[in-house]
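The lines below spell out each chain.
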Amino acid sequence: MINLVNVALDALGTLALGGLGVAGLILGSPRSFHKKFNFSVEIDGITVAWFMSAGPLEAELGVIEQREGGNPVVANQSPGLYKTTPCVLKVGASDNDELWRWWESVIDAESGTGDVEDAFKRNMAIVQKDRNGAELRRWNMSEAWPSKFVAGDWDATSEENVIQEMTVVFKRFKPAI
């Protein structure tokens, strides 16, 4: 019975769509999805822009649940604290020491020997590019600063380059519109 219904629907669709059939129905226009491999990272005052990887870029709202005596089954829910996940930047080690100097500025500010509090915070952006290098989308992060620095991992049997990692925390992120 179900097969007869499908055949009838397909026949009707073929007639209505000028021979395309129900299976050939295309709604809307085709989409092109952004590829992960072409991006740059912009950090105020730092010229290192091409990283191996950057991410994740995510935020979460906590959920506050409050139960009331009149309705013990269903809890009232409201948004709680906003928090972001730290973003990890990975780059091949080179003689460029700008990321290290940014890291040191945080340490110096915390120990009271360098920058004043918050002077080390910078704006940052992950810029998605197309295959030709044109900007597709920009994600801006505010008040970013490094919370962890990995200088590298060495292995005499490896055939890989040394990779530096910097974990960056930030206040908020949003797309540039």
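Let me begin by describing the structure that accompanies this report.

Rules of the game
- Residues numbered from 1 in each chain as written.
- Predicted model: local features only at pLDDT ≥ 70, side-chain atom pairs only at ≥ 80, totals over all residues.
- Heavy atoms only, no water.
- Helix = DSSP H or I, 4+ residues; strand = E, 2+ residues; numbered from the N terminus.
- Buried < 20%, exposed > 50% of the residue type's maximum accessible area, 1.4 Å probe, protein only.
- Contact = heavy atoms within 4.5 Å.
- Areas by Shrake-Rupley, 256 points an atom, 1.4 Å probe, with all protein chains shown as cover.
- Phe/Tyr/Trp six-rings, centres within 6.5 Å; stacked < 30°, edge-to-face > 60°.
- Salt bridge = Lys/Arg side-chain N within 4 Å of Asp/Glu carboxyl O.
- Pairing = 2+ DSSP bridges.
- Lys, Arg positive; Asp, Glu negative; His and termini not counted.
- Patch = residues over 30% accessible without salt bridge, like charges linked within 9 Å, V, L, I, M, F, W, Y side chains within 5 Å.
- Charge placed at Lys NZ, Arg CZ, Asp CG, Glu CD.

With that settled, consider the overall build of the protein. The secondary structure content of the protein amounts to 2 helices and 9 strands. The N-to-C order of helical and strand elements in the protein reads α-β-β-β-β-β-α-β-β-β-β. By the burial criterion, 23% of the 177 residues in the protein qualify as buried. Within the protein, residue pairs in contact and separated by at least 24 positions form 58% of the contacts whose partners lie at least 6 positions apart. Put simply, the protein shows about 12800 Å² of open surface, and 54% of that area lies on carbon and sulfur atoms.

Before going further, it helps to spend a moment on the packing of aromatic side chains. Inspection of the entire model under this criterion finds 5 aromatic pairs. An angle of 25 degrees between the planes, with centres 6.4 Å apart, marks the rings of Trp103 and Phe149 as stacked. With a gap of 46 residues between them, Trp103 in helix H2 (residues 98-111) and Phe149 in strand S7 (residues 135-150) connect regions that are remote in the sequence. Assigned by exposure class, Trp103 and Phe149 land together as buried. Each ring, one from Phe170 and one from Phe173, has its centre 6.1 Å from the other, and the planes form 75 degrees; the classification is edge-to-face. For the pair Phe170 and Phe173, one class covers both residues: buried.

Here the focus is the pattern of salt bridges. Here the structure, examined in full by the defined rule, presents 5 salt bridges. The partner of Arg138 in a salt bridge is Glu42, and the shortest N-O contact between them spans 2.6 Å. Note that Arg138 is positioned in strand S7 and Glu42 in strand S1 (residues 39-43), a separation of 96 residues in sequence. With a shortest N-O distance of 2.6 Å, Arg101 and Asp97 are connected by a salt bridge.

When glycine is set aside, most residues are seen to have a negative phi, and most peptide bonds are trans. The linkage connecting Gly55 with the following residue, Pro56, adopts the cis geometry, with an omega of -5 degrees. Here Pro56 shows up in the loop between strand S2 (53-55) and strand S3 (59-68).

All right, on to the pairing of S1 then. Of all the 5 residues making up S1, 4 are buried; the element is thus mostly covered by neighbouring parts of the structure. Pairing analysis gives 5 bridges linking S1 to strand S6 (residues 122-129), with the strands arranged antiparallel. Paired with Phe39 across the two strands is Gln128, which belongs to S6.

By the element assignment, Lys129 lies in strand S6. Summary of buried charges: Lys129 has no salt-bridge partner, and the nearest side chain of opposite charge, Glu42, is 5.5 Å away. Those residues in contact with Lys129, other than ones at most four positions away along the chain, are Asn38, Phe39, Ser40, Trp50, Ala134 and Leu136.

Turning our eyes to something else, we now look at the environment of Ala54. Along the chain, the position of Ala54 falls in strand S2. The class for Ala54 is partly exposed, based on a relative accessible area of 28%. With 112 residues separating them along the chain, Ala54 and Met166 place their C-alpha atoms 9.6 Å apart. Look past the residues within four positions of Ala54 in its chain and what remains in contact with it is Phe39, Val41, Cys87, Val88, Leu89 and Ile126.

Attention shifts here to a negative patch on the surface. On the surface, a cluster of negative charge is made up of Asp153, Asp155, Glu159 and Glu160. Residue placement: Asp155 occurs in the loop between S7 and strand S8 (163-169).

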